[in-house]
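Inside the fold
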Amino acid sequence: MSRISKNVILALFTLSSSAFLLFQLYYYKHYLSAKHGAGLSKSKGSRIGFDSIQWRAVKKFLMLTSSQNVPVFLIDPLILELINKNFEHVKNISYGSASKCKFFCVQRDFTTFALQYHLWKNEEGWFPVAENMGFQCLKTESKDPRLDGIDSLSGTEIPLHCVCKWATHAIHLVVLHGRSGNYLWHGRLRLKRHVDRKFVPFRKLQFGHYPGAFDRPELQQVIIDGLEVLIPKDPVHFLEEIPHSRFIECRYKEARAFFQQYLDDNTAEAMAFQKSAKELLQLAARTLNNLGVRFWLSSGTCLGWYRQCSIIPYSKDVDLGIFIQDYKYEIILAFQEAGLPLKHKFGKVEDSLELSFQGKDDVKLDIFFFYEETDYMWNGGTQAKTGKKFKYLFPKFTLCWTEFVDMKVRVPCETIEYIEANYGKSWKIPIKTWDWKNSPPNVQPNGIWPISEWDEVIQLY
Amino acid sequence: MDDWKPSPLIKPFGARKKRSWYLTWKYKLTNQRALRRFCQTGAVLFLLVTVIVNIKLILDTRRAISEAYEDPEPEQDYDEALGHLEPQQHRGTGPRRVLDVEVYSSRSKVYVAVDGTTVLEDEAREQGRGIHVIVLNQATGHVMAKRVFDTYSPHEDEAMVLFLNMVAPGRVLICTIKDEGSFHLKDTAKALLRSLGSQAGPTLGWRDTWAFVGRKGGPVLGEKHSKSPALSSWGDPVLLKTDVPLSSAEEAECHWADTELNRRRRRFCSKVEGYGSVCSCKDPTPIEFSPDPLPDNKVLDVPVAVIAANRPNYLYRMLRSLLSAQGVSPQMITVFIDGYYEEPMDVVALFGLRGIQHTPISIKNARVSQHYKASLTATFNLFPEAKFAVVLEEDLDIAVDFFSFLSQSIHLLEEDDSLYCISAWNDQGYEHTAEDPALLYRVETMPGLGWVLRKSLYKEELEPKWPTPEKLWDWDIWMRMPEQRRGRECIIPDVSRSYHFGIVGLNMNGYFHEAYFKKHKFNTVPGVQLRNVNSLKKDAYEVEIHRLLSEAEVLDHTKYPCEDSFVPDTEGHVYVAFIQMEKEDDFTTWTQLAKCLHIWDLDVRGNHKGLWRLFRKKNHFLVVGVPASPYSVKKPPSIIPIYLEPPPKEEGAPGAAEQT
């Protein structure tokens, strides 16, 4: 008896749970169609030719944009990669000579295009036309970050992303906005609460996980799979930019609060220093960019950016960080040619390298080279008099773009950890006396240079 | 997440098959112990799998819901947006179909409350005299317009008639008098009040109090009136309480074709009143103008900043003229509104332009100055590639060839760094002193009122030292100071490309406007080809002036220069007069001359090295200050420069001598 009932109960359980599982399966498919999107469209788009859904969606989209005179350009990493591999081939194709659909028919969920916002004429009228052509569009907007830096302005929202779906394929249009510092910015794609989350598999988007910054690309027209498209003239450069494009905004609100508490220094000297520091920073940025050397705002300059979105008037120098693996010996020469003579050089490439250049108006440019260990980064310091070495430790960090004094520059993405390592938890309070050997909480004595090496590792000019 | 993808697909399918085997074999194999054991273990395993899949699914959906590109901020925004919408919906579609309206009229105070919310309250001394008019939307009860007409003073009744005529039929009108509203209430206005159904309106007398609620073109919904018993006293305060039935939204709206433009129009017209035919149901005035494009437009990419305060009717007129100008590019226009005012923002939205509001941070002139700074900074932030910006104000009409004028002259700003700005406004260009739309001048003063600013000038010089809020400076006076201008000059046209129509303003009143702005000449000819633009460059201009002076006929200096006959009744001649000007800053005679010529005399404008250029009776008329001007060398030795005595000081200048 008990055995039978046990069996029956087990059978019942199994039955109900399989029913439940079936329901779940259905629900799962329905709810997270994103997961299955690829599998589904694969079966539909298996005809590799010009009748694939992807190709037709892209064609329709390009028809739409050219009829509305909206100069979109292709930024889809997947396709740009393919184009790049077959670049010679692509350049030789003339209109109509394409024989096989090679690029736009590749299996994917999205095709990503970009548009410079100021070239988008008749933005309002665009969407009804798109809908008439069979696209289902979703547009996200946000407030304009370019107004955030200015006291108390609020205005019309700007469009950030459009996702237009045609059948099972979706076109992602990233709206790029020009910003001071001659670069293009796109925002983060944020969905409002009422938006249908399974409209498209948003997580698979290539852009929009966070805001990004790009150099203004030059464009060229090519014919791909029988379609005329604009692509960046230098697809390699553009593709290289993508993984490091993350942008963080200065904390303007906090900066305003800071100035309410500590008041801005409006004296003529302060303004004169800020002006020459800005010019020095711009000159340094130009020089390093020409050499292709990555750098970021470090120490006091980074603190100024993070805390008050400006150059700290009493800081007296400009500080940059560079990874030692990016070091090039041409740096010194390039700076000298730019009118910045070397002031001192401490350490050597293998250990604690630090360069200091003399700018105009007594403003100094300090470049610290960062060394990477398994679980931290560090840069070195040297006391000229005694030959003592110091080590400044930082938690590991990556680099992000930001805008500072009308320039696109890098800063550590993990800024707060970086600054707290360097200045402690009380970095919010301005301190005018700072001893670089004792004040930073992350400083460690690191021995002493052997006297025999002094000539090499302590060079003062 | 991707790594577990196959599991829900494969395992359940496998399990399902297992289940069917189980069912078919169950009876056949009941006696086989081992098999039964096997089936049981299979079932238990299957159950376990179900549980795991279940948990995974729950976790996954949860994560998907909470993470899918969402963070708390936009939710908040969205909630806020909802909050904004709520009252509207409540009134529009809620069960209440009646508004209770209270209107109070007395000597020193008026107020109007709709459904318990005060929409007007004025008990300030020495202001707000006259008839206050409020227009409500008949479907929603929203206040669409609020005006006060000081009908104690002349001409205000005409403005009231104009306004009331513009109000669409069906709207709810509320009128109430504060202090006095009948002295200059003429027959036309009274007749209009009668046509609205008012009993007391047409018979309003000195210092009567009066409150009125009625539907335009429909029934009167309530009226109270109290006669003033004597000349020296006022009528008793009256308080009118009445119910206003709301009509359906359908009735309140026009049936325009459903286009994007009309959607904007509908949004606008359901919110505000007093913009005339733009909201007329039949044949509304267009809100898109598509003027001819300019061939070879050099200013297509130049951003246009419109600086505005809370004068939405001015802004409406201004934007109409701006959008009708040839070569305008609407997406380059940004309207900066000083303060969180809704109505100007509505006007901006009507034309589909970009509008930016600015929280006020300072007072009076300093506030205007801070608003300018924020607006200019924002303009160059929004258009980082722009090298210039056009700065306009909300009380300007823009000439049809405004952009054509700039397109032809803007290269000067690029090529000649002795230039400070290009302005569309000639301070001395009145109807009787300006003639030639193709002619340009160089002047040492900065006229403002529609001008082009170079980005480098702003970013490198002006922005860093812009007056801080605690300095109560006028931005334009500051910009004219020698420390800022540093000897640079502005290019202006002889005939202005902008027209200053603002009567109400920080530094403006009706008298001042009539005296100094009304008779200003304004170009209405499209596509004027400017003459010899490159002769405006620093050195070329000197050559040009010397040429002009050499061919100029010297006027008869024995005549009194204020006399009409001082300049002969000819046409097309060039005349020159020499006036006394001891030093560079000695403008005694010039000021007197300007006064009798009825041109700008409140400070010195329009001079170039002690030379003024204007037109008299269609002759080019040059005035040279001797001996301060370098052009004094052109004076024949026999001529004695004219000297005019300043009048003894009695009264100050009417109003502040400044234009904003």
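What you see is a predicted model; the values in this text were computed from it and never measured.

Moving on, we get to the overall build of chain B. Regarding its fold elements, chain B presents 17 helices and 24 strands. Every one of the 660 residues in chain B was classed for burial, and the buried ones make up 55%. Long-range contacts, defined as pairs at least 24 residues apart, comprise 72% of the intrachain contacts of chain B with a sequence gap of at least 6. When the accessible surface of chain B is summed, it comes to about 30,300 Å², and 55% of that surface belongs to carbon and sulfur atoms.

What follows is about the nonpolar core. Membership of the largest hydrophobic core comes to 118 residues, with the highest contact counts inside it found for B:Val306, B:Leu319, B:Leu322, B:Leu392, B:Trp590 and B:Phe621. Both domain 2 (304-534) and domain 3 (537-634) of chain B contribute no fewer than three residues apiece to this core. Membership of the second largest hydrophobic core comes to 62 residues, among which are A:Leu281, A:Ile322, A:Leu365 and A:Ala421.

Before going further, it helps to spend a moment on the UniProt feature "domain: ILEI/PANDER" (unreviewed entry) in chain B. UniProt marks residues 129-218 of chain B with the feature "domain: ILEI/PANDER" (unreviewed entry), using the numbering shown here. Structurally, residues 129-218 of chain B comprises 22% helix and 31% strand, and the distance from its first C-alpha atom to its last is 28 Å.

All names here are of chain B. Taken as a whole, chain B is organised into domain 1 (98-251), domain 2 (304-534) and domain 3 (537-634). Taking only C-alpha atoms, the centre of domain 2 and the centre of domain 3 are 27 Å apart. With both chains or domains summed, domain 2 and domain 3 bury close to 2,300 Å², and 55% of this area falls on carbon and sulfur atoms. Linking domain 2 with domain 3 are two salt bridges. Where Glu415 meets Lys537, a salt bridge forms, and the shortest distance between an N and an O atom there is 2.8 Å. The interface formed by domain 2 and domain 3 includes 15 residue pairs in polar contact (both at pLDDT 80 or more). Breaking the side of domain 2 that touches domain 3 down by element, the ones donating at least two residues are helix 11 (402-415), strand 16 (440-443) and helix 15 (510-516). No other element matches the four residues that strand 16 contributes to the side of domain 2 that touches domain 3. Among the residues forming the side of domain 2 that touches domain 3, the class breakdown is 11 nonpolar, six polar and 10 charged.

Residue and element names in this part refer to chain B. A sheet is described by the order of its strands in space; here five strands give the open sequence 5-4-6-7-8, paired in antiparallel fashion. Of all the strands in the sheet, the pair left with one neighbour each is strand 5 (143-149) and strand 8 (220-226). Put simply, the sheet's adjacent strands are angled 10° from each other on average, direction ignored. Where strand 6 (residues 172-178) and strand 7 (residues 209-215) come together, five bridges link them in antiparallel fashion.

Residues and elements named next belong to chain B. Its place among the elements puts Ser409 in helix 11. Ser409 sits in the buried class, given a relative accessible area of 0%. Look past the residues within four positions of Ser409 in its chain and what remains in contact with it is Ile422, Leu440, Leu530 and Val533.

The next subject is the state of the cysteines. Across all of its chains, the model carries eight disulfides over all chains by this definition. Disulfide partner of A:Cys101: A:Cys105, at an S-S distance of 1.7 Å. Residues A:Cys101 and A:Cys105 are joined by a disulfide whose S-S torsion is about 95°; by sign, that bridge is right-handed. Disulfide partner of B:Cys254: B:Cys281, at an S-S distance of 1.8 Å. Taking the torsion about the S-S bond as the criterion, the B:Cys254 to B:Cys281 disulfide, at about -75°, is left-handed. Of this pair, B:Cys254 sits in the loop between helix 6 (249-252) and helix 7 (260-269) while B:Cys281 sits in the loop between helix 7 and strand 10 (304-308), and the two are 27 residues apart along the sequence.

Our next topic: unusual backbone geometry. Phi is mostly negative for residues that are not glycine, and the peptide bonds are mostly trans. Residue and element names in this part refer to chain B. Here the residue pair Val626 and Pro627 is connected by a cis peptide bond, since its omega of 5° sits within 30 degrees of zero. Phi is positive for His155, close to 70°, though the residue is something other than glycine. Take His155: it is sitting in the loop between strand 5 and helix 4 (156-166). Classification of His155 as exposed rests on a relative accessible area of 54%.

Residue and element names in this part refer to chain B. Tracing the backbone through its elements, the reader meets Leu376 in helix 10 (residues 364-382). Taking the C-alpha atoms as reference points, Leu376 and Lys459, separated by 83 residues in sequence, lie 9.6 Å from one another. Non-local contacts of Leu376, meaning those with residues more than four positions away in its chain, are made with Val391, Leu453, Tyr458 and Trp466.

Another aspect to go through is the pattern of salt bridges. All names here are of chain B. Going through the model one piece at a time under the given rule, you end up with 51 salt bridges over all chains. Between Lys298 and Asp296 there is a salt bridge, with the nearest N and O atoms lying 3.0 Å from each other. The class for Lys298 is partly exposed, based on a relative accessible area of 48%. Note that Arg547 is salt-bridged to Glu551, the shortest N-O span being 3.0 Å. With Arg547 and Glu551 both in helix 16 (residues 538-551) and four residues apart, the pair spans about one turn of that helix. Take Arg547: its relative accessible area is 42%, and that puts it in the partly exposed class. In this structure Glu551 comes out as partly exposed when scored by relative accessible area, which is 46%.

Bringing the packing of helix 4 of chain B against helix 5 (residues 187-195) of chain B into the picture now. Residue and element names in this part refer to chain B. Where helix 4 contacts helix 5, the two axes come as close as 9 Å, and the packing angle between them is 30°. Once helix 4 is placed against helix 5, the crossing between them reads as left-handed. In this structure, helix 4 contributes Asp157, Met160, Val161, Leu164 and Asn165 to the contact, and helix 5 contributes Thr188, Ala189, Leu192 and Leu193.

To continue, consider the sheet that holds strand 21 (residues 574-581) of chain B. Residues and elements named next belong to chain B. Reading across the sheet, the five strands line up as 20-21-24-23-22 and stay open at both edges, with mixed pairing between neighbours. Because the sheet does not close on itself, it has two edges, and the strands there are strand 20 (553-554) and strand 22 (607-608). Contacts between helix 17 (residues 588-596) and the sheet are confined to strand 21, strand 23 (611-616) and strand 24 (619-627), with strand 21 contributing the most and set at about 130° to the helix.

So, on to helix 10 (residues 299-308) of chain A. Residue and element names in this part refer to chain A. Counting buried positions along helix 10 yields 10 of 10 residues, so the element is predominantly enclosed. Listed as buried for helix 10 are Ser299, Gly300, Thr301, Cys302, Leu303, Gly304, Trp305, Tyr306, Arg307 and Gln308. Immediately downstream of helix 10, the backbone of Cys309 shows phi near 55°, a positive value.

Conventions used here
Residues numbered from 1 in each chain as written. Chains lettered and ligands numbered in written order. Predicted model: local features only at pLDDT ≥ 70, side-chain atom pairs only at ≥ 80, totals over all residues. Heavy atoms only, no water. Helix = DSSP H or I, 4+ residues; strand = E, 2+ residues; numbered from the N terminus. Buried < 20%, exposed > 50% of the residue type's maximum accessible area, 1.4 Å probe, protein only. Contact = heavy atoms within 4.5 Å. Areas by Shrake-Rupley, 256 points an atom, 1.4 Å probe, with all protein chains shown as cover. Core = buried A, V, L, I, M, F, W, Y, C linked by side-chain atoms within 4.5 Å. Domains from an automatic or database assignment. UniProt positions renumbered as here; feature names shortened; annotations may be inferred. Buried area = accessible area lost by both parts, 1.4 Å probe. Salt bridge = Lys/Arg side-chain N within 4 Å of Asp/Glu carboxyl O. Polar contact = N/O pair within 3.5 Å; in protein donor to acceptor, adjacent residues only side chain to side chain. Nonpolar A, V, L, I, M, F, W, Y, C, P; charged D, E, K, R; others polar. Pairing = 2+ DSSP bridges. Axes fitted to C-alpha atoms, helices over the stretch in contact; angles between N-to-C directions. Disulfide = S-S within 2.5 Å. Left-handed = near helix turned anticlockwise from the far one by under 90°.

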